[in-house]
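These are the residues of each chain, in order.
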Amino acid sequence: MEKDEPTRLVSTDWLAKHSQDPDLRILDASWYLPGENRNPWEEYSRSHIPGARFFDIDEIADKDSHLPHMVPSQELFATRVRKMGIDNGHQIVVYDTAGIFSSPRVWWLFKLMGHKDIAVLDGGFPKWLEEGREVEDVPPLVYERHYYSRKQAQLVKSRAEVQKASSEGSPQILDARPKTRFMGLLPEPRPGLRSGNIPNSINLPYTNLLNKNGTMKEKQDLLEEFESSGLDLEKPVITSCGSGITASILFLALDMIGHRNISLYDGSWVEWGST
């Protein structure tokens, strides 16, 4: 992970080797779907990678929105990040307890706020545990640092912008939900949402981009998955999903293969399917 270049993925070997670096910050960004009856903060409190701070996706969010974990204001984001002991010069590695699930959302959120030195831990906490690496149950001592954000507004899309893209056929809309939900064959996990998809959108379940062990597929395999979905990689893409979490996995994978015109529909189906 080079200090002066944008980062995407790091291995568990890399993190174990660099975990004590003074300019490194590790974040546990675990999050669970409604109905899973799991509490990510409680699980973090019981066991986490040494030195990791907990990033609460639902708390560091727009509290004025009725939609879940929408992008927070720059001020709120910067305030919370400062309190986590992070400054603009820190390298950040973010992980979750599923392998690669919610951590790319926090990777994308930092990217949206202008932070470049952030990477996702490939394979996440499951791979870390499988390799028998050290864990702890005590949060690190944190001292507030200085942090400012510079929002990259082009990386996020509103419902109105997605409506326009849907009507005009550009940018392309790529949906990360399972095919059964995309096709309206299964109900949504959140009550009150209709089933189906955004007109003219393309489906690529995020699980297609991951290996069985929860790590990200190699670049050539990712490229093949995108091409097989019917996506035109020469054109801009808006990623979407249920609530903006797994859409970030598509965003990360597109970034990895070199696509440079990507944005994310923050409201995703929880907004589209309720209106």
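For the structure itself, consult the block above.
A brief look at the structure comes next. (Residues numbered from 1 in each chain as written. Predicted model: local features only at pLDDT ≥ 70, side-chain atom pairs only at ≥ 80, totals over all residues. Heavy atoms only, no water.)

### Remarks on the packing of helix α8 (residues 219-229) against helix α9 (residues 247-256)
Stated formally: Axis definition: a line fitted to C-alpha atoms, limited for helices to the stretch in contact. Angles are taken between N-to-C directions and run from 0 to 180 degrees. Elements are defined by DSSP. Helices are runs of H or I of four residues or more, strands are runs of E of two residues or more, and each kind is numbered from the N terminus. In this scheme, a crossing is called left-handed if the near helix is turned counterclockwise away from the far one by less than a right angle; it is called right-handed if the turn is clockwise. Pairs of residues are marked as contacts when any of their non-hydrogen atoms sit within 4.5 Å. All amino acids are sorted into three groups, where Ala, Val, Leu, Ile, Met, Phe, Trp, Tyr, Cys and Pro are nonpolar, Asp, Glu, Lys and Arg are charged, and the leftover types, Gly among them, are polar.
Two numbers describe how α8 lies on α9: the axes approach to 9 Å, and their chain directions differ by 115°. As α8 runs across α9, the sense of the crossing is left-handed. Each of Lys219, Leu222 and Phe226 in α8 lies in contact with α9, whose residues at this interface are Leu250, Ala253, Leu254 and Met256. Considered class by class, the residues forming the contact of α8 with α9 number six nonpolar, no polar and one charged.

### Here's the deal with the nonpolar core
Under the convention used in this document: Residues belong to a common nonpolar core when they are buried Ala, Val, Leu, Ile, Met, Phe, Trp, Tyr or Cys residues joined through side-chain atoms within 4.5 Å. Think of it in three bands: residues with accessible area under 20% of the maximum for their type are buried, residues over 50% are exposed, and the middle band is partly exposed, with areas taken using a 1.4 Å probe on protein chains only.
Phe55, Trp108, Phe110 and Met216 are the most contacted members of the largest nonpolar core, which has 52 residues in total. Sorting the residues of this core by element identifies α3 (74-83), β4 (91-95), α4 (103-112), β5 (118-121), α8, α9 and β10 (262-265) as the ones contributing at least two each. The element best represented in this core is α9, accounting for eight residues. Excluding residues that lie within four positions of it along the chain, Phe110 makes contacts with Leu27, Phe55, Phe77, Val81, Ile86, Ile92, His115, Ile118 and Tyr147. With 15 residues, the next largest nonpolar core counts Leu24, Phe54, Val93 and Tyr95 among its residues.

### So, the sheet that holds β5
Quick reminder of the rule: Paired strands, in this sense, are two strands between which DSSP finds at least two bridges.
Read across the open sheet, the five strands follow the order β1-β5-β4-β2-β3; overall the sheet is parallel. The open sheet has two edge strands, β1 (9-10) and β3 (53-54), and neither has a second partner. As paired strands, strand β2 (residues 24-28) and β4 are joined by five bridges and run parallel to one another. Bridging across to β4, Ile26 finds its partner in Val93. Taken strand by strand, α4 contacts β2, β4 and β5, and its axis lies near 175° from that of β5.

### Regarding empty space enclosed by the protein
Applicable threshold: The way it works is a 1 Å grid over only the protein atoms, where trapped points that fit a 1.4 Å probe form a cavity and open points with protein on both sides within 12 Å along at least five of seven lines form a pocket, and then any residue with an atom within 4 Å of a point lines it. Grid points are joined across faces, edges and corners, and a volume is the space filled by probe spheres set on the points.
A complete count under the given rule lists one cavity of 30 Å³ or more for this structure. The space that makes up the largest cavity amounts to roughly 30 Å³. In this structure, the largest cavity is lined by Phe55, Ile57, Ile60, His69, Met70, Pro72, Arg105 and Leu109. Split into classes, the residues belonging to the lining of the largest cavity amount to six nonpolar, one polar and one charged.

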